[in-house]
Amino acid sequence: MIKTKKLRDLINGNKVVIAPCAYDALLARAIEFMGFELAATTGFGMHGTMLGVPDNGLLTFTEMVRMCRNMASSINIPMMADAEGGYGNAINTYRTIKEFENSGLAGLFIEDQELPPNCPYIKGTRLIRVEEMIGKIKAALEARKDKNFVIVARTDAPFEEAIERLNAYYEAGVDMVKPMPRSRKELEDYPKYLKAPIHLGFTYGKETTLGLTATDCGKMGYKIVTFPFSELMASTTAILRILKEIKEKGTDESFYQEMIKFEEYLKIVNIDLYNELDRKYMFDI
């Protein structure tokens, strides 16, 4: 089954879909290895790991497409991407959809921020007019080749305005919508007013989702729940710990029991597949 159809089936299913967010192909492989049915990307994480900068819109369209292609091609499960603001106007968005779909993704979301976009948890955002966003949506819908390719509209607007915008975007034809709840009450109330299936990102350390699980959010009415920060923050924590150990003691031995075993790492990066390809084609080995 092709990945876009897999994603459609997940969205049409009865359970909430949990999608950890990857910023490189290794993490995408790990997500599949651990049994998840869907992976997502994180613009926040990709800015940090690719450029060493905050999520401030500096990553270019071509850089994003290249990394998304690497991630999507490394896994057999569908992947959805953060396509920022479509990387320009409606015409740019038309090309964005074509290139992201050609990269092997099963879906993406675009947002209604003014360009360049930035993470709303870093600083405030400014929004484009609803009419301009609808133009981007219409261009996106026309650009996709596979009707199962999922297009999501995101807004950073305040609660009441977000409801108006997202319902308008759904009426314009997007498959899902993505609000940005700023409180627990907003989190609980959005499904009561939004007409479309809802995509939700868990907020790192925020009261909005603190103490909740993805299943809890599914019961509220959310369909896809992503974790944009978790793996990035966990890996950065581990990196700093091991670097501190090496700097202070000149060894990494005290971490051996905590670190993944070499053989297990090889399984994550598909060593069995490449060993089989060696046996099949590399006759001089």
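First, a word on scope: everything that follows refers to the structure included in this document. (Residues numbered from 1 in each chain as written. Predicted model: local features only at pLDDT ≥ 70, side-chain atom pairs only at ≥ 80, totals over all residues. Heavy atoms only, no water.)

## So, the state of the cysteines
Argument step 1. Across all of its chains, the model carries zero disulfides by this definition.
Argument step 2. Cysteine Cys217 is unpaired, with the sulfur of Cys21 as its nearest cysteine sulfur at 14 Å. (Disulfide = S-S within 2.5 Å.)

## Concerning the environment of Ser73
Argument step 1. Tracing the sequence through the fold places Ser73 in helix α4 (residues 61–73).
Argument step 2. Once the C-alpha coordinates of Ser73 and Glu84 are considered, the two residues, 11 residues apart in sequence, prove to be 21 Å apart.
Argument step 3. Only 2.9 Å separates the side chain of Ser73 from the backbone oxygen of Arg69, close enough to count as a polar contact. (Helix = DSSP H or I, 4+ residues; strand = E, 2+ residues; numbered from the N terminus. Polar contact = N/O pair within 3.5 Å; in protein donor to acceptor, adjacent residues only side chain to side chain.)

## Regarding the packing of aromatic side chains
Argument step 1. Taken as a whole, this structure holds seven aromatic pairs when the rule is applied.
Argument step 2. Considering the side-chain rings of Tyr87 and Phe100, the 6.2 Å spacing of their centres and the 25 degrees angle between planes classify their relative orientation as stacked. One end of the pair, Tyr87, is in the loop between β3 (79–82) and α5 (90–102); the other, Phe100, is in helix α5, with 13 residues separating them in the sequence.
Argument step 3. Ring centres 4.7 Å apart and planes at 50 degrees place the aromatic pair Phe159 and Tyr190 in the tilted group. Of this pair, Phe159 sits in helix α7 (residues 159–172) while Tyr190 is found in helix α8 (residues 184–193), placing the two residues 31 residues apart along the sequence. The pair formed by Phe159 and Tyr190 is uniform in burial state, with each residue classed as buried. (Phe/Tyr/Trp six-rings, centres within 6.5 Å; stacked < 30°, edge-to-face > 60°. Buried < 20%, exposed > 50% of the residue type's maximum accessible area, 1.4 Å probe, protein only.)

## Focus on the packing of α5 against helix α6 (residues 130–143)
Argument step 1. For the pair α5 and α6, interaxial distance at closest approach is 8 Å and the crossing angle is 35 degrees. Regarding α5 and α6, the two cross each other, and that crossing is right-handed. Touching Ala90, Thr93, Tyr94, Ile97, Lys98 and Glu101 of α5 are Gly135, Lys136, Ala139, Ala140, Glu142 and Ala143, all from α6. (Axes fitted to C-alpha atoms, helices over the stretch in contact; angles between N-to-C directions. Left-handed = near helix turned anticlockwise from the far one by under 90°. Contact = heavy atoms within 4.5 Å.)

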